[in-house]
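Analysis of the macromolecular model
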Amino acid sequence: MKKLLSLALGLTFVAAIISGCKDDTSDPITPDRVQTDTTNTTNQNGTTNPNDQTDTIQQPITPQTYNVTVKLIAESVSFENFTINISQDTMLTLTPNNDGIISAQLFEGKYNISASGKISEKGRVYNFSGKINDLEITSSFDTTQIYEINLDKVEKNQIIITEVYCGNSTYYDEKNEKNVTLQKDKYIKLYNNSDQPAEIKNFCFGICFPYMSNNTVGSITVTNYSAEGYTPATQGIWWIDEIKFEPYEEKVFVVYSAEDYTSLGGVNLDNSKYYCLIDMTSAFNQKSFYTEPSADKVKLNVQIYGLGNAWQIGQAPALFIFTTGEVSPADFANDAANQINLQGTDWGTLGSSLKIPNANIIDGVDIKNATCTYKNDGSLTSDNSTKYAQRLPDAVDKGFVNQTETGKGFSYYRNVDKDATSALTENEGKLVSGYSYGTETLTNGEGTASGSTDPSGIDAEASIKKGAHIIYQDTDNSSVDFHQRKQATLKD
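In this report, we go over the structure that sits alongside the text. (Residues numbered from 1 in each chain as written. Predicted model: local features only at pLDDT ≥ 70, side-chain atom pairs only at ≥ 80, totals over all residues. Heavy atoms only, no water.)

1. A word on the nonpolar core
- Leu190, Phe205 and Trp311 are the most contacted members of the largest nonpolar core, which has 57 residues in total.
- No other element matches the 5 residues that strand S17 (residues 198-207) contributes to this core.
- If you look at the next biggest cluster of nonpolar residues, it comprises 26 residues, including Val70, Leu72, Val77 and Tyr147. (Core = buried A, V, L, I, M, F, W, Y, C linked by side-chain atoms within 4.5 Å. Buried < 20%, exposed > 50% of the residue type's maximum accessible area, 1.4 Å probe, protein only. Helix = DSSP H or I, 4+ residues; strand = E, 2+ residues; numbered from the N terminus.)

2. So, the environment of Lys131
- With respect to the secondary-structure elements, Lys131 resides in strand S10 (residues 124-137).
- Sequence separation between Lys131 and Ser116 is 15 residues; the distance between their C-alpha atoms is 8.7 Å.
- In this structure the side chain of Lys131 is engaged in a polar contact, spanning 3.2 Å, whose partner is the side chain of Asp394. (Polar contact = N/O pair within 3.5 Å; in protein donor to acceptor, adjacent residues only side chain to side chain.)

3. Thoughts on the pattern of salt bridges
- In this structure the tally under the stated criterion is 12 salt bridges.
- As a salt-bridge pair, Lys297 and Asp270 come within 2.9 Å of each other at their nearest N and O atoms. Here Lys297, found in the loop between strand S21 (275-276) and strand S22 (298-299), pairs with Asp270, found in the loop between strand S20 (250-254) and S21; they are 27 residues apart in sequence, far enough to count as distant.
- When its relative accessible area of 7% is taken as the criterion, Lys297 is described as buried. (Salt bridge = Lys/Arg side-chain N within 4 Å of Asp/Glu carboxyl O.)

4. Looking at empty space enclosed by the protein
- Evaluated as defined, the whole model comprises 5 cavities of 30 Å³ or more.
- Of the volumes computed, that of the largest cavity is approximately 70 Å³.
- Together, 13 residues line the largest cavity, and Phe209, Pro210, Val217, Thr221 and Tyr225 are the ones closest to its centre.
- Here the lining of the largest cavity is composed, by residue class, of 8 nonpolar, 4 polar and 1 charged. (1 Å grid on protein atoms, 1.4 Å probe; cavity = no way out; pocket = protein on both sides within 12 Å on 5 of 7 lines; lining within 4 Å. Points joined across faces, edges and corners; volume = space filled by probe spheres on them. Nonpolar A, V, L, I, M, F, W, Y, C, P; charged D, E, K, R; others polar.)

What follows is the structure, given as structure tokens:
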């Protein structure tokens, strides 16, 4: 009697990893072929009986894999604290060896490969990052080639964006008997991610165009301004002449209205310590968004050069902080050499932006609305409304944090650097684990996980309340530096 044994095989997009950190002594993965083992009955005279039944075992077929070697390129750098991420539907993180090399066995398909790392030297932090987009592996793939990633080196200030609350919550309007999205309680948190005080002159906030990640991009895209070394600050900028941060100090910046919205399920922003991006005497004075803050609050200055009666931070912005150095922000904005319209039209119309040198940018985060799919070249397409065009250049941010939906009160919060935070001796007994504010259990309509959480497992806000000093992750890649949080931290 003939028997057939079928083996089911579950495959991920990465077949095997050979990390360059250590010599790999295992056999390389090669495709299994169908192998049939046939057993016949042998008669006493030594002959086989062809009429006997045969047992056949069919071995599984594993798709062909291809060796991919990646090498990081940077001068005078030890790659001890560097990582390389290979992503397709999921992401795999690898550690290169001392020469900056990893090897991986991959199936056919397209992959994005990004790398990041940091080193400390003489009290400064240097971030390195680079990537390869759309590396395609086919049957003709050259496995002998070494794919080099030339790393950008950025000297970072200590000040980082730790939270952007922009997704808004929803409340029931009894008068009109309908649900209403609360737009007025947006805020931004900044933090000194070091044990050294920071003092910055001409400190500014800017947003990229388009204001929402699923809006139409201009004729001048990230491909163009990346090559020229600047990031566009669109519509207007907010600034303060000088700002100081003590070590590990955070500051809250109110975007629209510094009032208490807890009765509507929102955030209480009525705090004299909070800074306000509000100037009702300017063109940004739309009353459905703005209210005049009380006299005890610090108000930033604004320079407006685009259309609109409110700063269009929106629900899914690309936000960044920067300095204009020794030049005042007003003088910088009024200099025609720094002006550009991303729509290719007149200055003062939609798309008007300032060209902020990437060297002047301190930090940035890109929030991608879930209604659009990733498209990394910034080009226009016929279905552009459903495409996500990268807004911040790679020198500022190589990724994005995913926004699954709006109106749920979600916030976008930076992940904790677990190793660096745990290594601080003053944090002994103060770190709170069991972080529960992530949204990783959320799924989309097809049941696929779409939310995110902080992989460190440390509850930063609860730990800070116990006196801990938090070191947040800062690799210039929002895809791994941020997650979507269930609620604004100011509601904890």
